[in-house]
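Residues per chain are reported as follows:
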Amino acid sequence: MIFKIAIVEDDQVQRELSIKLLEKYGLEHQISFVFYPFENAFLFLQEFNKGLYDIIFMDINMPGINGLDAAKEMRGKDENVTLIFVTDFAQFAIRGYEVDAYDFIVKPINYEHLCLKFDRLVPNLMKRKEERKLKLNTGGKIAAINLDEISYIEVISHDTIIHTENGSQKFHVQMSQIEKELPEDTFYRCNHCYIVNLKFVSKVEKFQVTMRNGETLLVSHPKKKGFLMALMSYLGETA
């Protein structure tokens with residue numbers, strides 16, 4: 001199982017230390033981590049979208065936008081992502097309740113202390129990921145696909161193709177059957193051929209949707225208004 005971790009830290013030494021210790025934990029517990037380092041909160045917020053990360057390591061005391069203010073803006077888009085504050089001053093981290101922080105770690109990071117936090121956190125995250133899977137059983141082909149990895153779903157003739165970050169899989173199943181299993185706040189059917197994971201949308205121009213990987217999909221005229229409203233709702237914006 002893979003967990004995506006954003007490291008928001010202005011001190012390069014601390015960023016590298018966090019990654020080093022987390023890599024060590026992953027190796028010892030046979031867990032895969034993918035890291036997304038950011039040298040300030042401004043860059044992090046520019047890239048941030050709901051569902052992009054499983055865990056966010058956030059320094060509090062940073063120049064420009066501090067960690068608490070960044071977390072407040074982040075929570076406007078994603079109420080569920082796990083937030084851990086990493087700080088020099090424990091008294092600041094107490095304010096983490098304002099942004100529903102999972103926990104805090106005091107610098108310098110102690111490996112044993114980090115292990116205690118992650119031994120408690122990881123089982124909860126694994127359970128959450130297991131619950132967010134699309135499970136299909138068609139024609140003897142069984143699959144459990146992580147919803148967070150699905151970019152879009154396409155129907156061609158009598159086959160439905162599920163496109164993910166790691167490739168595509170073809171199933172002989174009706175699109176409508178799959179659509180019933182998808183969370184409405186994350187997936188939207190933009191025309192009769194495509195169901196799009198809103199988290200992977202990069203931009204919308206006229207009747208064309210550009211995905212993060214550069215692929216372009218068409219939005220039908222009757223679906224465009226609803227699609228834009230769903231996308232704005234997903235992004236935490238209002239019409």
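Predicted model only: the values in this text are computed from it and were never measured.

Rules and cut-offs
- Residues numbered from 1 in each chain as written.
- Predicted model: local features only at pLDDT ≥ 70, side-chain atom pairs only at ≥ 80, totals over all residues.
- Heavy atoms only, no water.
- Helix = DSSP H or I, 4+ residues; strand = E, 2+ residues; numbered from the N terminus.
- Rg over C-alpha atoms; globule rule 2.2 N^0.38 Å.
- Buried < 20%, exposed > 50% of the residue type's maximum accessible area, 1.4 Å probe, protein only.
- Contact = heavy atoms within 4.5 Å.
- Lys, Arg positive; Asp, Glu negative; His and termini not counted.
- Charge placed at Lys NZ, Arg CZ, Asp CG, Glu CD.
- Axes fitted to C-alpha atoms, helices over the stretch in contact; angles between N-to-C directions.
- Parallel < 35°, antiparallel > 145°, perpendicular 65-115°, else oblique.
- Left-handed = near helix turned anticlockwise from the far one by under 90°.
- Nonpolar A, V, L, I, M, F, W, Y, C, P; charged D, E, K, R; others polar.
- Pairing = 2+ DSSP bridges.

**Concerning the overall build of the protein**
So, step 1. Each helix and strand counted, the protein has 7 helices and 15 strands in total.
So, step 2. Its C-alpha atoms give the protein a radius of gyration of 20 Å, within 12% of the compact-globule value 18 Å for 239 residues.
So, step 3. Along the three orthogonal principal directions, the C-alpha set of the protein runs to about 60 × 45 × 25 Å.
So, step 4. For the protein, the residues scored as buried account for 46% of the 239 residues in total.
So, step 5. Look at the contacts in the protein between residues 6 or more apart in sequence, and 54% of them connect residues 24 or more apart.
So, step 6. Averaging the locations of the 29 positively and 34 negatively charged side chains of the protein gives two centres separated by 6 Å.

**Quick word on the packing of helix H1 (residues 12–29) against helix H5 (residues 111–131)**
So, step 1. Where H1 contacts H5, the axes come no closer than 11 Å and their chain directions differ by 55°. Between H1 and H5, the interaxial angle falls into the category oblique. Helix-helix and strand crossings are classified by hand; for H1 and H5 the assignment is right-handed. Within the contact between the two elements, H1 uses Leu21, Leu22, Lys24, Tyr25, Glu28 and His29 and H5 uses Tyr111, Leu114, Cys115, Phe118, Asp119 and Val122.
So, step 2. Grouping the amino acids of the contact of H1 with H5 by side-chain chemistry returns 8 nonpolar, 1 polar and 3 charged.

**Considering unusual backbone geometry**
So, step 1. The step from Lys107 to Pro108 runs through a cis peptide bond, and the omega angle for that step is -10°.
So, step 2. Along the chain, Pro108 falls in the loop between strand E5 (103–106) and H5.
So, step 3. Although it is not a glycine, Asp100 adopts a positive phi angle of roughly 55°.
So, step 4. Considering the arrangement of structural elements, one finds Asp100 in the loop between helix H4 (90–93) and E5.
So, step 5. The class for Asp100 is exposed, based on a relative accessible area of 52%.
So, step 6. The phi torsion at Lys206 lies on the positive side, around 55°, for a residue other than glycine.

**Remarks on the sheet that holds strand E14 (residues 208–211)**
So, step 1. The 3 strands are arranged E13-E14-E15 in an open sheet whose pairing can be described as antiparallel. With one partner strand each, in any of the chains shown, strand E13 (201–205) and strand E15 (216–218) form the two edges of the open sheet. The sheet shows a mean angle of 25° between the axes of neighbouring strands, taken without regard to direction.
So, step 2. Where E14 lies against E15, 3 bridges are found, and the strand directions are antiparallel.

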